[in-house]
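Observations on the three-dimensional arrangement
Chain residues, written in single-letter form:
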Amino acid sequence: MRIPWDPRFAEEVARYDLRYTCKDCVYFLEDRGACAHEWPVADHLAHAEPGEPISTGQEIVFCKELEIA
């Protein structure tokens, strides 16, 4: 799923401490930097660091198999 980053989403990420990247998922293999289910991770990891500036309108990619660790 892809959604555009906007001020409302940014506020919700901060308010609810939302997690949405591979690094927060139980299926992410940190030592390999890969998904245990072999899904591509590059788009998901593009915004993995908290506080990383994201431009309004830039897309955030969500994985349908995200399972928070």
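Now for a look at the structure at hand. (Residues numbered from 1 in each chain as written. Predicted model: local features only at pLDDT ≥ 70, side-chain atom pairs only at ≥ 80, totals over all residues. Heavy atoms only, no water.)

1. Remarks on the nonpolar core
Ranked by size, the top nonpolar core spans 7 residues in total: Trp 5, Phe 9, Val 13, Tyr 20, Ile 54, Ile 60 and Phe 62. Among all residues touching Phe 9, those that are not within four sequence positions of it are Ile 3, Leu 18, Tyr 20, Ile 60 and Phe 62. (Core = buried A, V, L, I, M, F, W, Y, C linked by side-chain atoms within 4.5 Å. Buried < 20%, exposed > 50% of the residue type's maximum accessible area, 1.4 Å probe, protein only. Contact = heavy atoms within 4.5 Å.)

2. Here's the deal with the side chain of His 44
Mapped onto the elements of the fold, His 44 is located in helix H2 (residues 42-45). Exposure remark for His 44: the relative accessible area of 13% places this residue in the buried category. Within the local environment of His 44, its side chain forms a polar contact with the backbone oxygen of Val 61, the two atoms lying 3.2 Å apart. Beyond its immediate chain neighbours, meaning those up to four positions away, His 44 contacts Thr 21, Cys 22, Val 61, Phe 62 and Cys 63. (Helix = DSSP H or I, 4+ residues; strand = E, 2+ residues; numbered from the N terminus. Polar contact = N/O pair within 3.5 Å; in protein donor to acceptor, adjacent residues only side chain to side chain.)

3. Remarks on the packing of aromatic side chains
Scanning the model with the defined rule gives 4 aromatic pairs in all. Taken together, a centroid distance of 5.1 Å and an interplanar angle of 90° make the contact between Trp 5 and Phe 9 edge-to-face. Overall, the relative accessible area of 10% leaves Trp 5 in the buried class. Plain terms: the ring middles of Phe 9 and Phe 62 are 6.0 Å apart, the flat faces sit at 80° to each other, and that makes the pair edge-to-face. Placement of the pair is Phe 9 in helix H1 (residues 7-16) and Phe 62 in the segment after strand E4 (59-61), with a sequence separation of 53 residues. Comparing Phe 9 with Phe 62 shows no difference in burial state: the two are buried. Linked through ring pairs, Trp 5, Phe 9, Tyr 20 and Phe 62 together constitute an aromatic cluster. (Phe/Tyr/Trp six-rings, centres within 6.5 Å; stacked < 30°, edge-to-face > 60°.)

4. Describing the environment of Gln 58
Mapped onto the elements of the fold, Gln 58 is located in the loop between H2 and E4. Since its relative accessible area comes to 33%, Gln 58 is described here as partly exposed.

5. Topic: unusual backbone geometry
Unlike most non-glycine residues, Asp 17 shows phi in positive territory, near 50°. Tracing the sequence through the fold places Asp 17 in the loop between H1 and strand E2 (28-29). The phi dihedral of Glu 38 falls on the positive side, at around 65°, and the residue is not glycine. Its location among the elements puts Glu 38 in the loop between strand E3 (34-35) and H2. What makes Glu 38 exposed here is its relative accessible area of 71%.

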